[in-house]
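Chain by chain, the residues run as shown.
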Amino acid sequence: MPAERRAMLIAIAVFFGLLGIVDFVSTGPLSYFDVSFLSSGGATSALAAIGQTIVVLSGGFDLSAGAVISLVNAVLAQSMDPAVAQTSVFYWTCVGVGIGMATGAFNGIFIAFFRLQPIVVTLSTMFIIQGVTLLVMDKPGGFVAPELANFYLGDAIPGWLPMPLVVIAAVILAWMWLKNTRFGTALYAVGSDPDAAASIGIRVPLVRFLVYVIAGGCYGLAGVFISAQTGSGDPLVGNPLLLSMFAAVVVGGTRLGGGRGGPVGTVFGAYILMMVVNILLVLNVSAYYSTIAEGTILILAVLASSISGQSVLALQLRGVKSRLTAWRQGLLPSQLDQADRRLKTTQPVTGNLSPVPFLSRNGETIRYALPAYLCLFLVVLVTQFWLGRTILNPTYWNSLAVLSSFLAVLALGQGTVILTGGLDLSVPWTIGLSGILLAGIVNGSDAALFYALPLVLLVACLIGLINGVGIVVLGISPIVMTLAMNGILQGCALIYSQGTPAGFSSPMLRWFMTGKILAVTPVVVFMVMFVIAGVLLLGRTAFGRRVYGIGNGLRAAQLSGIAVGRTLIFVYVLSGLCAGLAGILLTGFSGQASLGMGDDYLLPSIAVVVVGGALITGGRGHYLGMLGGVLLLTALQMFLAGTTLPYATRAILFGLVVLGAVMALREKRS
């Protein structure tokens, strides 16, 4: 039996098993009302996950899906007129689907025709769409006509068939038709091997473009459906759905990387996740555990789908067995004769070796890092012209340095991960959990700060260690592992704080972030030392050379003797440490911690690295260039804060800056 069909059948079997458990833990046998309630509860996630599945089948990722759902919900809630007696369900469905398809076309243009990384493009689009959504609706409210709910949440056949199942079935039938067309065949071919697909005449860019357009339509339909459920608008309603989408895709048997799977299994995967959460609620388990359950299920599903004799985990286990056997036989390199067997040179080197000029040694670094500093100079000039008191004002430069400290710390961790060709999506809730832990432990006590700081940093390092082990030992994709970890950390933070973080920063930490010594805030001195340490770490140590070696070619790094596994684990430990330190600094700056305090730092932590000249696929970049990106984006943020532009423009601007930087600094392909 093909692996695709086997995975789908397993998902169906698990679905019916969980349905039996739901029936068992319920107060009575499942009624039609219960079935209707379950079908509507998982429909939004199922519809969105269908779109995500189509993207994954092509070999891509789409992180903008949740933001598209929020935008559709906000547009519908803001545009529908309560005074109108009748509302056209068909019209507003077309509006929602059209918004989704337009967003998908935006993604598709950059991914298919400009050949940018799907992760970076869709992450940038996510922030752009979130900013647009806040411009449409900055807080929950609005009105969604009841006709929408009557249609999508009602019965297709009263007492027999709920409408949500009909909607999902219609989408699946459309997929079945599409799969049997030339486009469907091309989609699987592109996902399996895009180069081979191109060699047989498939127009790969066009296929990828259409994939994101179709997926966007599915997100738009999910936005219409959630609008019918809520009856109002919420600019953040789609954000929590991103983790469950990917979990549903993997649980349903679709292979991350493309070429195998389909939306049918994804639908069952979405309902499996929904029923797991419902079972937890019936058992009086806090809803705070839901993201932990989703993240754990995602990791376990990825592991289950990759189990084979050639999986990373199987290779790791065989490697451990081989090393153990060699140790018993005394054949490990450390157990052999350590005599120097290198060839001896017979002739001394003669002649004068002139030093390589500075510009020759660092020309490429300067070339890619200099634009960030030039743009910083322009932003400072514009700020001076627009707002005044900038260039010669010590307070401005001190404020710039203080506000840059958070991103400067994150840039070292996220930048090192990017240099190896990965991304760390667990940064937001590593920041949040670290800040919440620190505020809760310290609770205003300077004495408690001395043991709270190392404890919180140790927890942050442990988070990075788990990420690294999952990626290196278990073979889980960095995107999936860190996304799942971010959801798990969110649940941990909610459980620890019970939804309301308590405590506040100590006076000493508060002074460190806001006090003054001769007109200079103490954190500025710390940041100078941190930057020096970061430059030395990446530019003057064996660890830094190994990081660049891995980014320039994983297989080549392995063949050259680099301890790739240990290096990658340390890279993610460093990222966790930097995110934890940023959470501590943010808590000291604001005086307290809050839920979601790290959400605004995910894209900026990537943006400053890319704007600073680093290559998003790894192997190229310098920490001083990243620091230029930090100063540029912070100066830009300070300028916007001094204008009358709304807050939402910051997210839009960050997204556009990242897209522009990736396009300008990407490697040219022959």
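The model shown is predicted, which means the values in this text are computed figures rather than measured ones. (Residues numbered from 1 in each chain as written. Predicted model: local features only at pLDDT ≥ 70, side-chain atom pairs only at ≥ 80, totals over all residues. Heavy atoms only, no water.)

> Would you mind going over the packing of helix 22 (residues 542-552) against helix 24 (residues 564-590) with me for this structure?
Relative orientation and spacing of two packed helices are given, respectively, by the angle between their axes and the distance between those axes. Helix 24 packs onto helix 22 with a crossing angle of 105 degrees between their chain directions and a minimal axis gap of 10 Å. The pairing of helix 22 with helix 24 is recorded here as roughly perpendicular in orientation. Between helix 22, through F543, R546, V547 and I550, and helix 24, the contact on the second element is made entirely by V564, T567, L568, F570, V571 and L574. The class makeup of the residues in the contact of helix 22 with helix 24 is eight nonpolar, one polar and one charged. (Axes fitted to C-alpha atoms, helices over the stretch in contact; angles between N-to-C directions. Helix = DSSP H or I, 4+ residues; strand = E, 2+ residues; numbered from the N terminus. Parallel < 35°, antiparallel > 145°, perpendicular 65-115°, else oblique. Contact = heavy atoms within 4.5 Å. Nonpolar A, V, L, I, M, F, W, Y, C, P; charged D, E, K, R; others polar.)

> For this particular structure, what's the right way to read helix 22?
One full turn of an α-helix is made of 3.6 residues, so residues set three or four places apart face in the same direction. For helix 22, the set of buried residues is F543, G544, V547, Y548, I550 and G551. Along helix 22, the residues classed as buried sweep out an arc of 160 degrees about the axis, all on the same side. The exposed residues of helix 22 that point more than 90 degrees off its buried face are R545 and N552. Where helix 22 is buried, its residues touch helix 16 (394-419), helix 21 (522-539), helix 23 (554-559) and helix 24. (Buried < 20%, exposed > 50% of the residue type's maximum accessible area, 1.4 Å probe, protein only. Arc of directions from axis to C-beta.)

> Got a minute to help me understand a positive patch on the surface in this structure?
On the surface, a cluster of positive charge is contributed by R323, R545, R546 and R566. You can see R566 is positioned in helix 24. (Patch = residues over 30% accessible without salt bridge, like charges linked within 9 Å, V, L, I, M, F, W, Y side chains within 5 Å. Areas by Shrake-Rupley, 256 points an atom, 1.4 Å probe, with all protein chains shown as cover. Salt bridge = Lys/Arg side-chain N within 4 Å of Asp/Glu carboxyl O. Lys, Arg positive; Asp, Glu negative; His and termini not counted. Charge placed at Lys NZ, Arg CZ, Asp CG, Glu CD.)

> I tried to follow the packing of aromatic side chains on my own but got confused; where do I start?
Remark: the centre distance and the inter-plane angle together describe each pair of aromatic rings, the angle taken between the planes. Scanning all chains against the criterion turns up 18 aromatic pairs. Ring centres 5.6 Å apart and planes at 70 degrees place the aromatic pair F406 and F589 in the edge-to-face group. Taken together, the positions of F406 in helix 16 and F589 in helix 24 put the pair 183 residues apart, joining distant regions of the chain. Residue classification places F589 among the partly exposed residues on the basis of a relative accessible area of 30%. Through a chain of ring-to-ring contacts, the aromatic side chains of F15, F16, F268 and Y271 assemble into a single cluster. (Phe/Tyr/Trp six-rings, centres within 6.5 Å; stacked < 30°, edge-to-face > 60°.)

> Would you mind showing me how to read the packing of helix 8 (residues 182-192) against helix 10 (residues 204-230) here?
Relative orientation of the contacting elements helix 8 and helix 10 amounts to 105 degrees, with a least axis distance of 10 Å. The angle between helix 8 and helix 10 falls in the class roughly perpendicular. The residues of helix 10 that touch helix 8, namely those facing F183, A186, L187 and V190, are V204, V207, R208, L210, V211 and I214. Taken together, the residues that form the contact of helix 8 with helix 10 break down as nine nonpolar, no polar and one charged.

> Is there a simple way to think about the nonpolar core in this case?
When a protein is soluble and globular, its nonpolar side chains tend to lie buried together. If you look at the biggest cluster of nonpolar residues, it comprises 194 residues, and the most contacted ones within it are L148, Y152, L298, I431 and Y623. Of all hydrophobic cores here, the second largest spans eight residues; its members include I550, A557, I562 and I569. (Core = buried A, V, L, I, M, F, W, Y, C linked by side-chain atoms within 4.5 Å.)

> How should I be thinking about a nonpolar patch on the surface in this particular structure?
A surface patch of nonpolar side chains, about 530 Å² in accessible area, is lined by F377, L378, L381, I391 and L392. We classify F377 as exposed; its relative accessible area is 51%.

> I would appreciate a short explanation of the environment of A372 in the present structure.
Take A372: it is sitting in helix 15 (residues 358-386). The spacing of A372 and V630 is 258 residues in sequence and 8.9 Å in space, taken between C-alpha atoms. Apart from residues no more than four positions distant in its own chain, A372 is found in contact with V611, G612, G625, G628, G629 and L632.

> Honestly, the side chain of S605 in this entry has me stumped. Any pointers?
By the element assignment, S605 lies in helix 25 (residues 602-611). Taking relative accessible area as the criterion, S605 reaches 0% and is therefore assigned buried. Of note is the side chain of S605, whose polar atom sits 3.2 Å from the side chain of Q414. Among the polar contacts listed, one links the side chain of S605 to the backbone oxygen of L602, at a separation of 2.6 Å. (Polar contact = N/O pair within 3.5 Å; in protein donor to acceptor, adjacent residues only side chain to side chain.)

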